[in-house]
Amino acid sequence: MDNTNMNKLWLNEFSELNPFVIAGPCSAETESQVIEIANALKNTNVNVMRAGIWKPRTRPGSFEGVGAIGLKWLQKAKEVTGLKTAVEVASPHHVKLALEYNVDILWIGARTTVNPFLVQDLADALKNTDKVVLVKNPVNPDLALWIGAIERFLDAGVTKIGAVHRGFSTYEKIKYRNNPQWQIPINFQAKFPNLPLILDPSHISGNRDLIFELSQTALDLNYDGLMIETHNNPDNAWSDAAQQITPESLQNVLSHLQIRRSKGETEGYKKELLKLRANIDILDEQLIDIIAKRMLIADKIGGVKKEYNVAILQSERWQAILKKMMQQGLENHLTEDFILSLFNAIHQESIHHQNEIING
Ligand code: PEP
Ligand code: MN
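Residues numbered from 1 in each chain as written. Chains lettered and ligands numbered in written order. Predicted model: local features only at pLDDT ≥ 70, side-chain atom pairs only at ≥ 80, totals over all residues. Heavy atoms only, no water.

Chemist: Mind showing me how you'd approach the environment of Ile259 here?
Modeler: As for its position among the elements, Ile259 is in the loop between helix 11 (247–256) and helix 12 (264–308). Of the residues examined, Ile259 reaches a relative accessible area of 31% and is grouped as partly exposed. For the pair Ile259 and Trp54, spaced 205 residues apart in the sequence, the C-alpha separation amounts to 33 Å. For Ile259, the residues in contact, after removing those within four places along its chain, are Asn18, Pro19 and Leu219. (Helix = DSSP H or I, 4+ residues; strand = E, 2+ residues; numbered from the N terminus. Buried < 20%, exposed > 50% of the residue type's maximum accessible area, 1.4 Å probe, protein only. Contact = heavy atoms within 4.5 Å.)

Chemist: Please explain the packing of aromatic side chains as it appears in this structure.
Modeler: Pairs of aromatic rings are described using the distance from one ring centre to the other and the angle between the two planes. Tallying each qualifying case throughout the model produces 7 aromatic pairs. Seen in terms of ring centroids, Trp182 and Tyr223 are 6.0 Å apart; in terms of plane orientation they differ by 75°. Their pairing is edge-to-face. Taken as a pair, Trp182 in the loop between strand 6 (161–165) and helix 8 (183–191) and Tyr223 in the loop between helix 10 (211–220) and strand 8 (225–229) lie far apart in primary sequence, 41 residues in all. Here the aromatic cluster, defined as three or more aromatic residues joined through ring pairs, consists of Trp10, Phe14 and Phe20. Over the ring of Phe14 we find Lys84; its NZ or CZ atom is 5.5 Å from the centre of that ring. (Phe/Tyr/Trp six-rings, centres within 6.5 Å; stacked < 30°, edge-to-face > 60°. Lys NZ or Arg CZ within 6 Å of the ring centre and 35° of its normal.)

Chemist: What am I meant to see in the coordination of the manganese ion (ligand 2) here?
Modeler: By definition of the ideal shapes, four donors in a tetrahedron about a metal sit 109.5 degrees apart, and six donors in an octahedron sit 90 or 180 degrees apart. Surrounding the manganese ion (ligand 2) are the protein donor atoms Cys26 (SG), His203 (NE2), Glu229 (OE) and Asp240 (OD), at 2.0 to 2.4 Å. For the manganese ion (ligand 2), the single-chain donor residues occur in sequence as C-x176-H-x25-E-x10-D. Separated by 214 residues along the polypeptide, Cys26 in the loop between strand 1 (20–24) and helix 2 (31–42) and Asp240 in the loop between strand 8 and helix 11 bring together distant segments of the chain. When its relative accessible area of 2% is taken as the criterion, Cys26 is described as buried. (Donors = N, O, S within 2.8 Å, 3.2 Å for Na, K, Ca; no water.)

Chemist: Would you mind going over the site of ligand 1 with me for this structure?
Modeler: Taken together, the residues surrounding ligand 1 are Cys26, Arg50, Lys55, Glu88, Trp107, Gly109, Ala110, Arg111, Lys136, Arg166, His203 and Glu229. Lys136 places a polar side-chain atom, nitrogen or oxygen, 2.8 Å from an oxygen atom of ligand 1. One of the side-chain N or O atoms of Arg166 is found 2.7 Å from an oxygen atom in ligand 1. Burial of ligand 1 by the protein chains amounts to 98% of its free accessible area of 300 Å². Class assignment of the residues belonging to the shell around ligand 1 gives a composition of 3 nonpolar, 2 polar and 7 charged. (Near = heavy atom within 4 Å. Polar contact = N/O pair within 3.5 Å; in protein donor to acceptor, adjacent residues only side chain to side chain. Areas by Shrake-Rupley, 256 points an atom, 1.4 Å probe, with all protein chains shown as cover. Nonpolar A, V, L, I, M, F, W, Y, C, P; charged D, E, K, R; others polar.)

Chemist: Explanation requested: the side chain of Asn178 in the structure shown.
Modeler: Mapping Asn178 onto the fold places it in the loop between strand 6 and helix 8. On the basis of relative accessibility, which here comes to 5%, the residue Asn178 falls in the buried class. In this structure the side chain of Asn178 is engaged in a polar contact, spanning 3.5 Å, whose partner is the side chain of Arg166. Excluding anything up to four places from it in sequence, Asn178 contacts Arg166, Gly167, Phe168, Ser169, His203 and Ile204.

Chemist: Hey, could you run me through helix 10 in this one?
Modeler: In an α-helix, one full turn covers 3.6 residues, which means residues spaced three or four apart are oriented alike. Most of helix 10 sits out of view: 7 of its 10 residues are buried. Once helix 10 finishes, Asn222 follows within two positions and takes phi at roughly 75°, a positive value.

Chemist: Can you help me understand a negative patch on the surface in this one?
Modeler: Taken together, the side chains of Glu172, Asp281, Asp284, Glu285 and Asp289 define an acidic patch exposed on the protein surface. For Asp289, the location among the structural elements is in helix 12. Residue classification places Asp289 among the partly exposed positions, given a relative accessible area of 47%. (Patch = residues over 30% accessible without salt bridge, like charges linked within 9 Å, V, L, I, M, F, W, Y side chains within 5 Å. Salt bridge = Lys/Arg side-chain N within 4 Å of Asp/Glu carboxyl O. Lys, Arg positive; Asp, Glu negative; His and termini not counted. Charge placed at Lys NZ, Arg CZ, Asp CG, Glu CD.)

In structure tokens, the structure reads:
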């Protein structure tokens, strides 16, 4: 892939400040709501006002957006406050209207990124545009699909592109509405180091209490910006009420974030170290998650052994696991000693779990 068209320069058009911030309601609801939020955002570190005009909803019957009239309200918000504007587009018709109303940033939603036909239609509609196009990750954890969508816009001659990480849908019940799966955007950054990456903590969390910690993790991982849903009356928002925050809370979040800048060698070193440590912390959390899942299976095995009255320790099986893991360890440059102590510890814990089930 030719990466020469990718750069972060377009960010400077919006602000020299770090991070770049897009904020505004999940949905434009009324003209007065849009103008009230815009006026409140004017006094914060926000660079761009967002508002959903056409809303992709999971179930029919939910509020599906005010439609094109919302573009007029956003245009007025821009006139009144000087804030640039951003909307989601999901069809060439949306693109046409958004361009007519001089929206500054068009973003592709997660439910659109999954569909290469739609993405191609949008790329064709935006051919050679000098507007900024942001591509949200697809709802499913598929890095290639995300990359493919970016490539379609690059191929269409769009030069101001960015990616938005909004998490991945999951059937499992977790503390987030959408699982961040940080390793996916980390791999994305490794592939496209010059493409601005923005976090959408609102759609990841689904819960306003988690906005700050997610935003801080993003800055620690060297993201370039944030997109945060902000509403004048979050609890009564017509969509995504639980995750929206007021402009005042937004300013509070922004003012408490530790912003990592690179200044000189020592700063650069610290910044690199922070990023790597944030990666390590995420992987360590995943290690615990995986081990806990393994123990749940050990519990089930304990249940089966109990039912059939079979001994916990099955030496042959254990030797086979160890042999296989030693081999895999070697292939991954991990020492035999390490694999041995790691798996002995895991085996011990597993026996403990089974013992609890059988005799506990
Ligand atoms: C949104 O930003 O309001 C939205 C619908 O986001 P996503 O495409 O990430 O679900
Ligand atoms: Mn939303």
